[in-house]
Amino acid sequence: MIRLIGVLTHGGVPIKIKSSMDTEGELILGPLIEAAKALSNVMGSGEVRKLGFQDNTLIVTESKKGYTIVALVGKAEDYMDSLLRVISDAIDESDIALADGVVNNSHIVIIEEIVGTYVRDHIETGFPETLALVWEPIVRSMKQDNQLSKTINEVETLLQRAEQTDKWNEFKIGVSGSLEEALECALQGEFDRACAIAIGIDSALAGVFSIKMGALTHSMTKSVSPSLAELIDKSSKLPDEYPFTDLARTLVGYVSGAKIPADYSRAFREAIKRFEFKSDTEHLVLGFLFLDARVIEYPDFASNLVDLYKEKAEIVRSFVEAMGERGKLFDKVYSITSYDGFRDELGVYKSNITSILGSINWVMDSDLLWELKKEGKGIEIGITASLKLQNYIAVLTALAESPVLTIGERREILEEVLMLYNDYFRGLMKSDIPLFAYTLDSIFQSMSVAQAEYYFLATGEIRNQHMDQTIEFVSDIFSVIEEEWPKSRVRFSLFVVANALCPVLARAQTLPEVGLRMVYLAMRLLDINTVDASQITKPETYATYFGNTISTLTSIASQILEGDERNDVLKKCVEIILDIQEWFVSKGVICRDDIITASFHSTLVMDILDDSELERMTNKIIALNRITVQDTKKYDYEVAMMASPLIEVLIYAWKKLNSEKYLKLAREDFDTAHAAWIKYGFHEKAENFKNKYGEVWR
């Protein structure tokens, strides 16, 4: 993130200093200027120079007009290099005089305008008022359409569906046994059966165990769940003095929505202190209380938990290891500088996945699954396979998004991800094997990104078929929600999915009913006040949620609204989207896909902007794209992936503003992108690209 950024004239005289460090920024301002002056002998070439400064990096460059731009950053140094170049160019293109050591009001106004355009302390517009502005017109339009009004009614009917206690009561009647038998069911992954047995046993140990098992069924598909009321009642009867009563009660509150995540995290942390690793029935029962993603925050405890259940519960071991491995894999993917740096590790993973896919084929065979269940292995094999496949798909998707893959390599990875979902996970999801909602959510998020990414690489009939598969994928998500409703913990990150897919659907000029149904449900489930409150406590989470939501609604509004109402809504949306992306850049967070989407959304409003608004928006889009692709020769394939909406904006700005600058940039991007499509074997893509933007081709 940017801790401090400033522009200085000759002699180190500051014109504008912007700091996120309050008084600390003022204290280090002098040393920063001295450091900048010390680098003065290498300035003047437009190159960026770096200097280690305490725990951060000082980046310095000089504009052609002689102004020094300096930034102290904590991460994303390469992206910040690009940002300083953007600011430097903006200074040179402005009306500011050559630097001469003098600072007057004219200097301050111009520099403040430039820095303020690209560096944001906060997001100007609030979340609730934005939703009111955008969502209310969309809902009105949906209600005026016969088919879309039916969509609204279907979702509202779903939301009103009560818990189905009859199925649980029927299931519970046919189940009985001892605590040891309940434990055996849990070890095999039959958490609903374990709950049904334990809930009828009168002891504190059985009570907390039944609550944990019941909570797990609420976070899994295909499981029969007790009502939340029954779990709450059971927790109220637990003895106050029992060491794990607090965790059990807080868990019920968390699952029912009466407690916040922080409450549960606190109770979880305290319970860890009370647990002993003993291989007897009591402690094997209690150990299940820690079958939660939070356990990896305590690595020693997690390791001991795996050892406790070794050769007793493959599900526990696989769950804990999958949670821990996920973070390590992402750290590795995001730190590599070339595909070769990860190829060997990926090869090992691929060899392991082969056996996992074989396991999925076993449990998708109904006859074989019946035999495996008799041995108590069916559910265990299915859940274990899903956890490992979840991580593999997540890593492949992250790899496909990274700039180290050429578009040819990227297509190969994406095709594998799509195959894994269509040929394996989809069947597993539709089988009778219960799966963690966490696993489905992870795979749905990965798949939405993969679906969107592949759209940009596909052409012709392959693209048409892919769009059909994308719509079918969205239908899969809604089918799971509908089947499992109203289980409290089977909720998915719908706006992450929608943010990836809705812009693609808008670009393809298609608006499937199931897509609108998903977005309407996401809006109805959205806790606006909680998101808004996170602006102070978790600003990055807030900006992510805000960005995903407004991007989704912009795509929907572009296809549903009409006339002046459409123009007003889209204009405001694009303004907010660009503000959010600039805020992320200021924090050192760059998301290529979101910047592509921001560029596309800008094409929706460029013909309704006046000249000054168009120029400002175009310059912002140029800057965001430049910051994302730091080296257009090295990452020519990234230019190809991002080029279409950017060139569209540049061509329009060139014609409307009669500015050769934008034509020059459009030609540069066109030449790089067109050559890249050919270079990496995408000849049909190159031809389509030339046909669409040929007017700038030389």
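Since the model is a prediction, treat every value here as computed from it, not as a measurement. Sequence positions are assigned chain by chain, starting from 1 and proceeding in written order. In view of the model being predicted, local features appear only for residues whose pLDDT reaches at least 70, and side-chain atom pairs are presented and counted only at 80 or more, with totals across whole chains, interfaces and linings using the full set of residues. Each side-chain value is worked out from all heavy atoms of the structure, with water and hydrogens disregarded.

Enquirer: What should I look at first to understand the overall build of the protein chain in this one?
Expert: Of regular secondary structure, the protein chain possesses 31 helices and five strands. With C-alpha atoms as the basis for the radius of gyration, the globule rule is written as 2.2 Å multiplied by the number of residues raised to the power 0.38. For the protein chain, the C-alpha radius of gyration of 28 Å lies close to 26 Å, the compact-globule estimate for 698 residues. Counting all 698 residues of the protein chain, 56% fall into the buried class. Working rule for contacts: check all heavy atoms of both residues, and any pair within 4.5 Å makes them a contact. Nonlocal contacts in the protein chain, meaning residues at least 24 apart in sequence, comprise 72% of its contacts between residues at least 6 apart. With residues, only the protein chains shown are counted as cover, and all accessible areas are computed by Shrake-Rupley using a 1.4 Å probe. Accessible surface, the protein chain as shown: approximately 29400 Å² in total, 48% of it carbon and sulfur. The sign given to each residue is positive for Lys and Arg and negative for Asp and Glu; His and the chain ends receive no count. To locate a charge, take atom NZ for lysine, CZ for arginine, CG for aspartate or CD for glutamate. With 74 positive and 105 negative side-chain charges, the protein chain shows a separation of 1 Å between the mean positions of the two kinds. A helix here means a DSSP run of H or I that spans at least four residues, while a strand means a run of E at least two residues long, and both kinds are numbered starting from the N terminus. Note on exposure labels: buried denotes an accessible area under 20% of the residue type's maximum, exposed denotes more than 50%, and partly exposed covers the range between, all computed with a 1.4 Å probe on protein chains only.

Enquirer: When you look at the packing of aromatic side chains in this model, what are you seeing that I'm missing?
Expert: Centre-to-centre distance and the angle between the planes together describe a pair of aromatic rings. Centre distance within 6.5 Å is the pairing criterion for rings of Phe, Tyr and Trp, where only the six-membered ring of Trp is used; planes under 30 degrees apart are then read as stacked, over 60 as edge-to-face, and the remainder as tilted. This structure, assessed with the given rule, holds 31 aromatic pairs. With centroids separated by 5.1 Å and ring planes inclined at 80°, the aromatic side chains of phenylalanine 127 and phenylalanine 546 adopt a geometry described as edge-to-face. Taken together, the residues span a long stretch of sequence, with phenylalanine 127 in helix 4 (residues 127-143) and phenylalanine 546 in helix 25 (residues 539-560) at a distance of 419 residues. Phenylalanine 546 matches phenylalanine 127 in its accessibility class, with the two residues each being buried. Ring geometry for tyrosine 264 against phenylalanine 268: centres 6.0 Å apart, planes inclined by 65°, an arrangement best described as edge-to-face. Highlighted residues: tyrosine 264 and phenylalanine 268, both in helix 12 (residues 261-274), separated by four residues, approximately one helical turn. A ring is considered to have a charge above it if a Lys NZ or an Arg CZ atom is located within 6 Å of its centre and within 35 degrees of its normal. In this structure, arginine 491 packs its charged tip against the face of tryptophan 485, placed 4.4 Å from the ring centre.

Enquirer: Looking at this structure, how should I read helix 8 (residues 191-198)?
Expert: When you tally the buried positions in helix 8, you get seven out of eight residues, the bulk of the element. Inspection of helix 8 places Phe191, Asp192, Ala194, Cys195, Ala196, Ile197 and Ala198 among the buried residues, and these make up the whole buried set.

Enquirer: Which parts of the structure should I look at to understand the environment of phenylalanine 244?
Expert: With respect to the helices and strands, the residue phenylalanine 244 is situated in the loop between helix 10 (228-236) and helix 11 (245-256). As for phenylalanine 244 and phenylalanine 268, which are separated by 24 residues in sequence, their C-alpha atoms are 9.5 Å apart. Once residues within four sequence positions are removed from consideration, phenylalanine 244 is found in contact with Val208, Ala271, Arg274, Phe275, Leu286, Leu289 and Phe290.

Enquirer: I keep staring at the pairing of strand 1 (residues 2-9) and nothing clicks. Help me out?
Expert: Each regular strand displays side chains that alternate between the two surfaces of the sheet. When you tally the buried positions in strand 1, you get seven out of eight residues, the bulk of the element. Pairing between strands requires that DSSP locate at least two bridges from one strand to the other. As paired strands, strand 1 and strand 5 (residues 68-73) are joined by six bridges and run antiparallel to one another. Within strand 5, the position partnered with valine 7 by the bridge is isoleucine 69. Across six bridges, the pairing between strand 1 and strand 2 (residues 13-19) is antiparallel. Note that in strand 2 the partner of glycine 6 across the bridge is isoleucine 17. In this structure, the hairpin formed by strand 1 and strand 2 is closed by a connection of three residues, where glycine 11 is found at a positive phi of approximately 80°.

Enquirer: How should the pattern of salt bridges be read in this particular structure?
Expert: For side chains of opposite charge, pairing can occur when their charged atoms come near one another. Each salt bridge in this description consists of a side-chain nitrogen of Lys or Arg and a carboxyl oxygen of Asp or Glu lying within 4 Å of one another. On inspection of all chains with the given rule, the structure shows 43 salt bridges. Notably, a salt bridge pairs glutamate 613 with lysine 571, separated by 3.0 Å at the nearest N-O pair. Taken together, the positions of glutamate 613 in helix 28 (residues 611-628) and lysine 571 in helix 26 (residues 563-586) put the pair 42 residues apart, joining distant regions of the chain. For glutamate 613, a relative accessible area of 28% corresponds to the partly exposed category. For lysine 656, the salt bridge is made with aspartate 611, and the minimal N-O distance between the two is 3.0 Å. Pair noted here: lysine 656 is in helix 29 (residues 636-657) and aspartate 611 is in helix 28, with a separation of 45 residues, a long-range link. The exposure class of aspartate 611 is partly exposed, given its relative accessible area of 39%.

Enquirer: Would you explain the side chain of threonine 151 in this entry?
Expert: Relative to the helices and strands, threonine 151 resides in helix 5 (residues 146-159). Owing to a relative accessible area of 0%, threonine 151 belongs among the buried residues under this scheme. Polar contact is defined as a pair of N or O atoms within 3.5 Å, subject to the rule that within protein one atom must be able to donate a hydrogen and the other to accept it, and that residues adjacent in sequence are counted only when both atoms are side-chain atoms. Within polar-contact distance, the side chain of threonine 151 engages the side chain of glutamate 513 at 2.8 Å.

Enquirer: Explain the packing of helix 9 (residues 204-218) against helix 11 to me, please; I cannot follow it from the model alone.
Expert: Geometry of a packed helix pair, given as the angle between the helix axes and the separation of the axes. Fitting a line to C-alpha atoms yields each axis, with helices limited to the stretch in contact; the angle taken between N-to-C directions then spans 0 to 180 degrees. One way to put it is that helix 9 packs onto helix 11 with a least axis distance of 9 Å and a crossing angle of 25°. The angle between helix 9 and helix 11 places the two elements in the roughly parallel class. Every pair of crossing elements has a handedness; the one defined by helix 9 and helix 11 is left-handed. Across the interface between the two elements, Val208, Ile211, Lys212, Ala215 and His218 from helix 9 touch Thr245, Ala248, Leu251, Val252 and Val255 from helix 11. The residue inventory of the contact of helix 9 with helix 11, partitioned by class, reads seven nonpolar, two polar and one charged. For this classification, under 35 degrees means roughly parallel, over 145 means roughly antiparallel, 65 to 115 means roughly perpendicular, and everything else is oblique. Definitions for this section: a left-handed crossing has its near helix turned counterclockwise from the far helix by less than a right angle. A right-handed crossing has that turn clockwise. All residues other than Ala, Val, Leu, Ile, Met, Phe, Trp, Tyr, Cys, Pro, Asp, Glu, Lys and Arg, Gly among them, are scored as polar; the first ten of these are nonpolar and the last four charged.

Enquirer: So what exactly am I meant to see when it comes to the side chain of threonine 397 here?
Expert: Here threonine 397 is to be found in helix 18 (residues 378-401). A relative accessible area of 4% places threonine 397 in the buried class. Not counting residues within four places of it along the chain, the set of residues in contact with threonine 397 comprises Val417, Ser446, Val449 and Ala450.

Enquirer: Would you take a moment to explain the confidence of the model for the protein chain for this structure?
Expert: Detailed reading of predicted coordinates is not advised where the pLDDT is low. Predictor confidence is given residue by residue as pLDDT, running from a minimum of 0 to a maximum of 100. Averaged over every residue, the pLDDT of the protein chain is 90; residues scoring 70 or more account for 93%. Across residues 42-46, where pLDDT falls below 50, the model places eight contacts with residues more than four positions away in sequence or in other chains.

Enquirer: Looking at this structure, how should I read unusual backbone geometry?
Expert: Leave glycine aside and you will find that most residues have negative phi; peptide bonds, for their part, are mostly trans. In this structure, proline 486 follows tryptophan 485 across a cis peptide bond, with omega equal to 5°. Within the element layout of this structure, proline 486 appears in the loop between helix 21 (460-484) and helix 22 (494-507). At lysine 222, a position not held by glycine, the phi torsion is positive, near 65°. Inspection of the secondary structure assignment puts lysine 222 in the loop between helix 9 and helix 10. By relative accessible area, lysine 222 is classed as partly exposed at 26%. For glutamate 311, which is not glycine, the phi dihedral falls at a positive 65°. Inspection of the secondary structure assignment puts glutamate 311 in the loop between helix 14 (299-308) and helix 15 (314-335).

Enquirer: Honestly, the nonpolar core in this entry has me stumped. Any pointers?
Expert: Within soluble globular proteins, side chains that are nonpolar tend to cluster in buried spots. Among the nonpolar cores identified, the biggest contains 245 residues, and Phe191, Phe209, Phe288, Phe290, Phe444 and Phe492 are the most heavily contacted of them. The element best represented in this core is helix 29, accounting for 13 residues. With residues near it in sequence (within four places) discarded, phenylalanine 209 still touches Leu179, Ala182, Leu183, Ala186, Ala194, Ala198, Val285 and Phe288. Buried residues of nine kinds, namely Ala, Val, Leu, Ile, Met, Phe, Trp, Tyr and Cys, make up a nonpolar core once their side-chain atoms join them within 4.5 Å. Among the nonpolar cores identified, the runner-up in size contains six residues, and Leu4, Leu58, Val60 and Val70 belong to it.

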